[in-house]
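Secondary and tertiary structure notes
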Amino acid sequence: MRQAAGPAESILESARRAEAELVEQLLRLTAVDAPSGDQLSLRAAADPFAEELGELGGEVTWHTRGGITHLSTRLGPPEGAHVLILCHYDTVWPRGTAAERPGRVTGERLSGPGCFDMRGGIVAALGALRLLGESSLPRPVQLLLTGDEETGSESSRELILELARDASLVLVTEPPLRGGGLKTSRMGWSAYSIDVSGRAAHAGLDPELGVSAVDELLDALREVSALRNPERGTTVNIGALAGGTMPNVVAADASAELEIRAATAADQARADDTMRSLRARRDGASVTVTRRHSRPPMERTPQVAAAAERARELARLVGLELGEGPAGGTSDANFVAPLGIPVLDGLGPEGDGAHALHEHVLIDSLVERTALIALLLADGG
């Protein structure tokens with residue numbers, strides 16, 4: 001790390017002095033189960049997260065939508081365009097995982113379920129706000145913790161858009177790219193189910209009386225698979241199939257679950273048009289397509305590019321060389337970037353193992369990201 005200078009050096013040194021507090025807080029939050037989709041567990045988890053937000057000094061607002069609890073607080077001056085910090089407190093891990101695999105520190109790493117995705121990013125954001133103090137914020141800051149990001153943000157989507165529309169900058173403390181880079185573009189993502197109905201018949205005695213739902217589904221999936229275009233960044237994954245009952249019965253029902261990812265809004269729209277246009281080819285069959293979840297692509301807009309360049313300038317003040325690049329996964333940044341708002345995604349600490357048993361955060365990076373987020377918040381914009 002190069003030598004930092006001036007006010008940035010003071011912020012970095014403050015973050016270093018707070019290392020033990022940051023580690024303690026991350027261990028504390030890693031011990032909280034918050035399995036996405038489990039409304040009772042999420043409601044219980046909201047209490048300790050609300051307590052952490054309350055320690056910042058602002059009023060904590062509870063948002064319950066679709067049975068899921070989301071939390072927000074607003075700090076800084078009462079007037080002016082705000083900075084929105086987007087985080088999610090839900091994880092992919094089922095209830096009881098934190099007790100089975102409690103967080104631990106081993107050398108330079110802190111391990112535990114959800115620590116990388118994305119409790120580490122939450123702690124870095126909270127730590128940055130503590131370092132600055134409410135009176136030092138040049139712009140209002142709205143911090144939002146959602147409880148359903150891992151399942152598509154269905155209940156929080158409108159809340160995110162509501163808080164983002166008037167923001168001057170959006171910071172998303174999801175994990176960074178390998179090597180610590182910002183995520184300046186993300187694929188769009190849509191998940192679909194295809195349900196096919198046919199007509200059962202004996203496959204040997206009178207097959208002509210049957211209409212195979214399986215055959216109908218296979219034809220539909222060939223059409224969907226033709227959307228694959230690696231050069232344009234369009235991928236199709238058929239994740240689950242079901243259909244039929246016995247080898248000697250013409251299948252009356254069949255279904256598939258699949259996802260499509262696209263690099264641009266235009267390609268995502270083309271794929272969606274194809275899905276909506278699927279029709280049965282056989283008399284007596286029906287095909288029903290349902291879009292379960294969707295996030296638009298996060299394209300590298302001029303606003304995103306400018307925000308990334310400013311972040312690089314600030315990162316150099318604390319000795320960090322901040323790269324950038326695309327990500328195949330999605331985040332809540334996908335909702336915000338199409339609004340034309342500057343977005344910085346991937347601001348969480350470095351580590352590895354999102355959704356995996358070896359999930360961990362690098363403690364030095366937790367300190368550095370706390371300082372970087374503080375610099376971004378202290379920047380007048």
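The sections below set out a description of the structure shown in this document. (Residues numbered from 1 in each chain as written. Predicted model: local features only at pLDDT ≥ 70, side-chain atom pairs only at ≥ 80, totals over all residues. Heavy atoms only, no water.)

This part takes up unusual backbone geometry. Following Asp117, the chain continues to Met118 via a peptide bond in cis, the omega torsion being -5°. Even without glycine at this site, Ser153 takes up a positive phi of about 60°. On the secondary structure map, Ser153 appears in the loop between strand 6 (141–146) and helix 6 (157–164). Unlike most non-glycine residues, His355 shows phi in positive territory, near 65°. With respect to the element layout, His355 can be found in the loop between strand 15 (351–352) and strand 16 (360–362). (Helix = DSSP H or I, 4+ residues; strand = E, 2+ residues; numbered from the N terminus.)

Take the layout of surface pockets next. Space inside the largest pocket adds up to approximately 480 Å³. For the largest pocket, the lining is made up of 23 residues, of which Asp117, Arg186, Gly329, Thr330 and His355 are closest to its centre. Those elements giving two or more residues to the lining of the largest pocket turn out to be helix 5 (115–132), strand 8 (182–186) and strand 13 (324–327). Among the residues making up the lining of the largest pocket, the classes are represented as eight nonpolar, seven polar and eight charged. (1 Å grid on protein atoms, 1.4 Å probe; cavity = no way out; pocket = protein on both sides within 12 Å on 5 of 7 lines; lining within 4 Å. Points joined across faces, edges and corners; volume = space filled by probe spheres on them. Nonpolar A, V, L, I, M, F, W, Y, C, P; charged D, E, K, R; others polar.)

One finds Ile85, Tyr89, Leu129, Leu171, Leu344 and Leu377 to be the most contacted residues of the largest nonpolar core, which totals 65 residues. Ranked by residues supplied to this core, first place goes to helix 5 with 11 residues. Residue contacts for Leu129: discarding those within four places in its chain leaves Leu56, Leu75, Ile85, Leu137, Val141, Leu143 and Leu377. (Core = buried A, V, L, I, M, F, W, Y, C linked by side-chain atoms within 4.5 Å. Buried < 20%, exposed > 50% of the residue type's maximum accessible area, 1.4 Å probe, protein only. Contact = heavy atoms within 4.5 Å.)

Right, let's get into the side chain of Arg186. With respect to the helices and strands, the residue Arg186 is situated in strand 8. Using a relative accessible area of 5% as the deciding quantity, one classes Arg186 as buried. A polar side-chain atom of Arg186 sits 3.1 Å from the main-chain carbonyl oxygen of Gly329. Excluding residues that lie within four positions of it along the chain, Arg186 makes contacts with Glu174, Pro297, Met298, Ala327, Gly329, Thr330, Ser331, Asn334 and Asp345. (Polar contact = N/O pair within 3.5 Å; in protein donor to acceptor, adjacent residues only side chain to side chain.)

Geometry only, nothing functional implied.
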